[in-house]
Amino acid sequence: MKGTHLGEFEELVLLVVGILNGNAYGITVMDEIKQHTGRKVSISTIHSTLARLEKKGFIESHVGGASPTRGGRSKRIYKINAEGQQALEKAKIQREKLWNLLPKNLFSHG
Amino acid sequence: MAKDIPNWAMKFLKLTCAPQHLDELQGDLLELFVRDKEEMSLNKARRKFIWRALSSLRWYRLPRFEHLHAITLYKSFYKVAIRHALKHRSASSIQVLGLMLGLAATFYIGLFVHNELQYDHMHERGDHIYRVLRQNTQTGARVEATSSLYGEALEKEFPFISMCRMGNDLVKLGEINPILEKEFYWADSTFFDLFSFQFIHGDPRTCLDEINSIVLTQSLCQQLFGTVDVLGKTMQVKVYDSDDVFPMNITGIIKDPPTQTHIQFRALGSMPNAKELYGNLLNTWGFSWVRTYIYTPENRIQEVRDGIAQLILKYLGDQAPKNFGIGFQAFYDVYHDSQDIDGNTFKGSKKNLAIFSIIGMLILLISLLNYINLATARSITRAKEVGIRKVLGAQKRAVTAQFIVESTLFTLGGGIAGILLTIICLPALNRLFQIDLKLASLSLLNWSFIFVLLLFLGFLVGILPAVMMNKIPRISQTKTAIPFKTAQWPFTRKLFIGIQYFVTIGLLISTLVIFQQYNYLKNYNLGFDSQQLLHIPVDDRNMQSHLMSIKTEMKKINGVYGITATGENLPSELNNTWDLNWDGSGLENPLSIDIVGVDKDYFKLLDIDFVEGKNFLLGYDRDSASSVILNEKAQDIIEKTPLLNQQVHIGGKNRNVIGIVKNYHNKSLHTEIRPLAYMIFPPGFRVSADNLFLKVDTKDIPNLLPQLKATWQDFSTEPFKYNFVDDAFAQAYSLERRFSFLIGAFTIIAISIAVVGLFGMVSFIVQLKLKEISIRRILGANAVHLLQLLSRDMVGVFIIAAICALPLSYLFLKQWLANFAYSVSIQGWVVLPGILICLVLSLSIIFFHLQRATRLNPSEVISRE
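Not measured: the values here are computed from a predicted model.

Undergrad: Even after reading the chapter, I still don't get the domain arrangement of chain B, so can you show me in this structure?
TA: By a widely used convention, the size of an interface equals the accessible area lost when the partners come together. Residues and elements named next belong to chain B. According to the domain assignment, chain B contains domain 1 (2-63), domain 2 (126-336), domain 3 (350-521 + 734-863) and domain 4 (540-720). For domain 3 versus domain 4, the distance between C-alpha centres works out to 57 Å. Taken together, the contact between domain 3 and domain 4 spans 4 residues of the former and 6 residues of the latter. With both sides pooled, the region where domain 3 packs onto domain 4 buries about 480 Å², and carbon together with sulfur makes up 61% of that total.

Structure below.
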């Protein structure tokens with residue numbers, strides 16, 4: 001299905017939302033991605049990816065706490081849901097399957 | 001913290017981000033800003049914030065306008081308008097049709113005017129260029145040809161100007177199979193400084209600097225060499241009149257001059273050659289052979305104008321004729337404003353442009369009024385809908401908006417349809433009116449202007465129905481579908497219909513007179529027999545000496561009744577004007593007279609009668625060399641009686657007047673008959689015979705032409721060319737033809753709009769009065785009574801409109817006819833067809849609807865609730 005396909009960056013963001021486990025919002029996701037993968041992504045890119053994932057039904061969001069550093073603006077906290085977990089697992093299984101199909105000696109001569 | 005952030009950045013976010021995403025975005029950006037502030041300078045953090053804010057635009061979180069109330073409302077207006085239009089198909093199509101016709105005509109006229117105004121505008125310096133004209137200070141008459149001294153004197157006296165002259169010469173180009181080129185000019189080296197042309201090869205600044213330089217146009221170059229890569233080649237240029245030959249160096253090849261400029265040429269030669277050619281002749285003020293243009297930067301033309309009297313005094317002194325003057329004509333006026341200049345061939349006319357613009361506006365006006373009229377009429381049937389809208393809480397503004405949305409839709413639809421119609425018909429229209437209108441002349445800016453104008457017109461015509469609708473109290477709207485007074489003929493509606501009648505009657509009368517004038521010009525008895533007259537131009541110099549033999553040969557051909565050789569074409573150019581004087585004239589300055597070279601067969605062939613005296617007896621001999629035949633006009637200006645067998649000085653030589661012939665028109669009727677002197681010349685002069693005229697049997701043309709061509713080819717290598725004299729005269733009135741055809745076409749469109757409008761209007765009124773009509777029918781009214789009932793108001797309006805239209809069109813036509821030396825007089829009956837057509841059309845429209853109404857069963861109509 002085209003609508004629920006998980007793109008490479010989407011998969012990354014979805015994983016990070018899972019990792020952050022209830023503390024995922026724009027900035028934490030951005031920081032986490034930078035920390036683990038070294039990729040520098042703009043905050044608006046994160047926002048639109050999160051919005052897309054939500055639209056595809058892999059994550060859910062609720063309006064979270066506001067803080068003075070945010071000028072009184074509330075956060076939008078994202079949480080992975082069952083469908084998101086399934087999608088991640090499916091992606092992982094697919095990948096492992098493909099890894100297993102690689103010829104064993106492919107890397108040995110590296 | 002918030003104070004560190006520029007306010008506008010936050011506002012920008014608010015504006016570009018939908019509210020449900022705003023907190024997340026603003027909050028995250030602020031949090032990042034706080035973090036940045038600790039790591040870097042405040043300014044840098046701020047810059048980063050601004051950058052993030054500006055690059056935060058994402059499609060998914062743009063504010064969605066469909067949530068705005070107003071948009072929903074407009075969407076509903078749009079929907080209702082479409083539904084309503086579809087429901088009342090015939091009424092809507094009448095409305096769109098009227099608008100389409102009107103806007104198509106207006107668009108066409110606009111395109112025409114735009115094209116005309118663009119003329120010559122490709123020359124970048126045109127704003128500051130002036131054409132120098134010889135001007136008669138007493139009569140104001142202007143002449144294009146100037147002596148080459150004009151330019152030189154002007155340049156010397158006013159060092160800030162730059163001057164360019166171009167003098168026409170007939171040349172033969174190339175050595176083998178030379179091309180006879182009429183569009184060859186000697187031009188000053190400043191030519192390409194003043195005028196903008198596109199160069200393919202060569203340098204515009206220097207190409208005409210050196211002697212023996214020639215610049216060719218692309219098409220001529222192709223014709224001569226088959227390629228344009230001939231820069232630097234040498235070619236032979238043989239001057240036709242003098243047989244001088246110059247080997248000339250090709251220093252430039254340019255693209256052909258666009259048709260939209262009056263600076264037309266096929267080749268330019270450098271001016272120093274002309275100096276060599278004509279020598280001292282160029283140093284006289286009397287030898288007028290060039291067109292002179294000057295370029296004055298910074299609008300200093302006034303200085304030049306003021307200094308002219310001084311200049312003439314300085315250079316000519318006492319020799320100057322009393323009425324001698326020099327005038328300056330703005331470059332862009334040359335095309336539009338030269339009707340008074342003799343020999344003018346430009347089709348531009350400021351007057352005609354003004355007339356067309358006015359007609360365009362009138363047609364636009366009547367089509368808009370027509371729409372308003374129909375829209376207000378139709379809106380009455382929609383009173384219920386509007387009433388319910390109001391009861392449900394729609395405000396006046398919303399009702400107004402609804403009507404404006406509708407009228408905008410209609411004008412846009414009609415406008416786009418009209419423009420498309422014009423574009424599709426453009427090639428056919430171009431052929432019909434003999435104009436070359438191009439859509440490409442409209443820039444993107446013009447198109448957007450048209451679009452905005454359409455929107456504006458839509459808005460304009462929507463206001464009136466809206467205002468009317470708002471005036472009706474809402475209770476009556478919901479209760480009855482057809483309210484009171486509006487159903488009758490209220491004043492505004494009468495006014496609008498009156499204006500339509502006014503324009504239609506005025507146009508009909510004008511068209512009739514304009515066509516009369518065109519036909520008058522075309523069919524005018526020129527005073528000679530132009531029927532069956534074939535013209536063969538003799539552009540071959542060698543041929544001129546053989547004219548006697550070729551005449552004899554051609555005369556032998558079956559179907560040729562007669563033949564004559566003459567120095568002037570018909571219509572004539574009359575380029576040879578000589579001084580005229582006589583003993584005891586007492587004239588300070590000699591008069592002038594136009595010279596026509598003829599032979600003894602000329603008058604007989606053209607069927608021109610002698611008033612007195614006799615024809616030349618033989619060909620060129622000693623006797624004829626000192627004889628002259630004059631026309632009546634010349635007799636009028638020579639105050640000497642009797643004139644026959646007396647001596648007159650023409651061109652400094654005494655000649656004996658052997659005959660006087662009747663006046664006839666050897667030029668088109670734009671100019672009056674001038675004094676003429678007919679003489680016989682041997683070959684080799686500018687006035688020598690270089691045209692053959694043959695009286696032929698036109699029934700046998702396909703058979704005759706090959707024979708003539710064969711005879712021609714026995715004598716000449718030049719191509720055989722011919723035309724008919726009556727065609728050539730008809731061609732001289734092409735401007736009048738175009739004008740009358742355009743006016744006729746626009747009149748038809750105006751009538752169509754009015755008919756379409758009246759049709760819709762009457763249909764509506766008959767519907768409103770259906771019950772009344774039915775009751776009257778039951779009570780015994782016949783068709784005539786009913787026609788009276790319905791047309792009473794309309795006829796009143798019609799009479800008032802006619803009374804206004806008559807004097808105005810009379811005044812206009814009188815002004816217009818004054819442009820012609822020979823014109824028809826306006827006769828009283830010309831008003832009749834216009835009035836009758838309008839009246840008959842109107843009454844038959846009413847009758848048609850009445851007929852439909854009376855087919856219904858009256859008792860059924862009355863019982864309808």
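Undergrad: How should the sheet that holds strand S22 (residues 691-696) of chain B be read in this particular structure?
TA: Each strand in a sheet pairs with another by means of backbone hydrogen bonds, the pair being arranged parallel or else antiparallel. All names here are of chain B. Judged by pairing direction, the sheet is antiparallel, and its 4 strands sit side by side in the order S14-S22-S13-S23 without closing on themselves. At either end of the open sheet lies a strand with only one pairing partner, and these are strand S14 (560-566) and strand S23 (723-724). Where strand S13 (residues 533-537) and S23 come together, 2 bridges link them in antiparallel fashion. Following the sheet pairing, Leu534 is matched in S23 by Phe724.

Undergrad: What am I meant to see in the pairing of S22(B) here?
TA: Along a regular strand, successive side chains alternate from one face of the sheet to the other. Residues and elements named next belong to chain B. Within S22, 6 of the 6 residues are buried, leaving the element largely enclosed by the surrounding structure. Two elements, S13 and S22, share 5 bridges in a ladder whose sense is antiparallel. Bridge pairing in S22 links His535 to Phe693. In this sheet, S22 lies alongside S14 in antiparallel orientation, the contact comprising 6 bridges. In the sheet register, Ala565 faces S22, and the bridge partner there is Leu692.

Undergrad: Is there a simple way to explain the side chain of Glu181(B) in this structure?
TA: All names here are of chain B. Along the chain, Glu181 turns up in strand S5 (residues 179-187). Overall, the relative accessible area of 4% leaves Glu181 in the buried class. Among the polar contacts listed, one links the side chain of Glu181 to the backbone nitrogen of Glu183, at a separation of 2.8 Å. A polar contact of 3.0 Å, which involves the side chain of Glu181, links it to the side chain of Arg266.

Undergrad: What exactly am I supposed to notice about the nonpolar core here?
TA: What tends to happen in soluble globular proteins is that the nonpolar side chains get buried as a cluster. Counting residues in hydrophobic clusters, the biggest one holds 101 residues, and the most contacted among them are Tyr501(B), Phe528(B), Leu570(B), Tyr602(B), Tyr678(B) and Phe746(B). In terms of residue count, the dominant contributor to this core is helix H25 (residues 734-768) of chain B (15 residues). No fewer than three residues from each of domain 3 (350-521 + 734-863) and domain 4 (540-720) of chain B sit in this core. Here Phe746(B) is in contact with Ala105(B), Tyr108(B), Ile109(B), Phe356(B), Ile359(B), Ile363(B) and Leu507(B), once residues within four sequence places are set aside. Counting residues in hydrophobic clusters, the runner-up holds 39 residues, among them Tyr25(A), Val41(A), Leu88(A) and Leu13(B).

Undergrad: It is not clear to me how helix H9 (residues 271-278) of chain B should be interpreted in this structure. Could you clarify?
TA: Every α-helix winds through 3.6 residues per turn, so residues three or four apart in the chain are directed the same way. Looking only at H9(B), the buried set comprises Met271(B), Asn273(B), Ala274(B), Leu277(B) and Tyr278(B). What you see down the axis of H9(B) is that its buried residues fit within an arc of 150°, all on one side.

Reading the values: rules and limits
- Residues numbered from 1 in each chain as written.
- Chains lettered and ligands numbered in written order.
- Predicted model: local features only at pLDDT ≥ 70, side-chain atom pairs only at ≥ 80, totals over all residues.
- Heavy atoms only, no water.
- Domains from an automatic or database assignment.
- Contact = heavy atoms within 4.5 Å.
- Buried area = accessible area lost by both parts, 1.4 Å probe.
- Pairing = 2+ DSSP bridges.
- Helix = DSSP H or I, 4+ residues; strand = E, 2+ residues; numbered from the N terminus.
- Buried < 20%, exposed > 50% of the residue type's maximum accessible area, 1.4 Å probe, protein only.
- Polar contact = N/O pair within 3.5 Å; in protein donor to acceptor, adjacent residues only side chain to side chain.
- Core = buried A, V, L, I, M, F, W, Y, C linked by side-chain atoms within 4.5 Å.
- Arc of directions from axis to C-beta.

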